[in-house]
Amino acid sequence: MKALRDVDLAQFHARAADLDETTRRRARHVITENQRTLAAVAAMRQSDPIALGSLMNQSHASLRDDYEVSSDALDAMVESARAHPACYGARMTGAGFGGCAVALIERQAAEEFAAAVAAGYHRSTGRTPAVYVCRATNGAEAFDVGPR
């Protein structure tokens, strides 16, 4: 195998004892995150927000515990989001160490969710967050802008 992405969980467990603790946790995160990413694709194709939310929650735990790139502030934001009944799942996103979190929620609860999460985060940290309501789109696309 040339890359860690080629290692499956069974292979990892068979050799995990050969790794030091930090390397073992980092490798476990990469391997399980790859599996979660593939499972997330399947959940999105099946329109299964419960499964996708669970995968997001697992991802945050792995980023926090195995990869150690979360922070108290990010964990507080994720916990505040997860406490709301409209939330399927939440996780840190971006580079970590105090950046951003993303939550998958019921669309009709978006504005109330944003207000509740901001208030919960402020209660937990004393900080006022910026909370944005957005929706998924197709992402980057090529399109014809006409003659130049």
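The rules behind each value
Once a new chain begins, its residue numbering starts again from 1 and follows that chain's sequence as written. At least 70 in pLDDT is required for a residue's local features to be given in this predicted model, at least 80 for side-chain atom pairs to be given and counted, and no such filter applies to totals for whole chains, interfaces and linings, which use all residues. In computing side-chain values, all of the structure's heavy atoms are included and hydrogens and water are not. Under the pairing criterion, centres of Phe, Tyr and Trp rings, with the six-membered ring standing for Trp, must be within 6.5 Å; the plane angle then separates stacked pairs below 30 degrees from edge-to-face pairs above 60, leaving the rest tilted. Placement of a charge over a ring requires the Lys NZ or Arg CZ to be within 6 Å of the ring centre, with the centre-to-atom vector within 35 degrees of the ring normal. For this analysis, a salt bridge means a side-chain nitrogen from Lys or Arg found within 4 Å of a carboxyl oxygen belonging to Asp or Glu. Runs of E in the DSSP output that reach at least two residues are strands. Runs of H or I that reach at least four are helices, and both are numbered from the N terminus. Relative accessibility decides the category of a residue: with a 1.4 Å probe and only protein chains considered, values under 20% of the type maximum give buried, values over 50% give exposed, and everything between is partly exposed. Any pair of residues with heavy atoms lying within 4.5 Å of one another is described as a contacting pair. Note on geometry: axes are C-alpha line fits, over the in-contact stretch for helices, and angles between N-to-C directions span 0 to 180 degrees. The cut-offs work like this: below 35 degrees is roughly parallel, past 145 is roughly antiparallel, 65 to 115 is roughly perpendicular, and the gaps in between are oblique. The handedness criterion is simple: a crossing whose near helix is rotated anticlockwise from the far helix by less than a right angle is left-handed, and one whose near helix is rotated clockwise is right-handed. Note on terminology: a nonpolar core comprises buried Ala, Val, Leu, Ile, Met, Phe, Trp, Tyr and Cys residues joined through side-chain atoms within 4.5 Å.

1. Things to note about the packing of aromatic side chains
Next, step 1: Per the counting criterion, the structure on display carries zero aromatic pairs.
Next, step 2: When the ring centre of Y67 is taken as reference, the NZ or CZ atom of R26 above it lies at 5.8 Å.

2. A word on the pattern of salt bridges
Pairing between side chains becomes possible if they bear opposite charge and their charged atoms approach one another.
Next, step 1: Counting across every chain of the model gives nine salt bridges.
Next, step 2: Note that D66 and R28 form a salt bridge whose closest N and O atoms lie 2.8 Å from each other. Of this pair, D66 sits in the loop between α3 (49-65) and α4 (72-82) while R28 is found in helix α2 (residues 21-45), placing the two residues 38 residues apart along the sequence.
Next, step 3: With relative accessibility at 10%, the residue D66 sits in the buried group.
Next, step 4: Put simply, E21, R24, R25, R26 and E68 are held in one network by salt bridges that share partners.

3. Focus: the environment of L9
Next, step 1: Assignment of secondary structure puts L9 in helix α1 (residues 9-15).
Next, step 2: Overall, the relative accessible area of 26% leaves L9 in the partly exposed class.
Next, step 3: L9 has contacts with I31, T32 and Q35, leaving out every residue within four places of it along the chain.

4. Overview of the packing of α2 against α3
Next, step 1: Here α2 crosses α3 at 165°, and the two axes come no closer than 10 Å. The orientation of α2 with respect to α3, classified from their angle, is roughly antiparallel. Considering the relative orientation of α2 and α3, their crossing is left-handed. Two secondary-structure elements touch here, α2 through R25, H29, T32, E33, R36, A39, A40, A43 and M44 and α3 through A51, L52, L55, Q58, S59, S62, L63 and D65.

5. Some remarks on the nonpolar core
Next, step 1: With 10 residues, the main nonpolar core is built from A73, A76, M77, V78, A81, C87, A90, F113, V117 and Y121.
Next, step 2: When residues in this core are grouped by element, the largest group, five residues, is from α4.
Next, step 3: What F113 contacts, discounting residues up to four positions off in sequence, is A81, H84, C87, A103 and I105.
Next, step 4: Membership of the second largest hydrophobic core comes to five residues, among which are A40, L52, L55 and M56.

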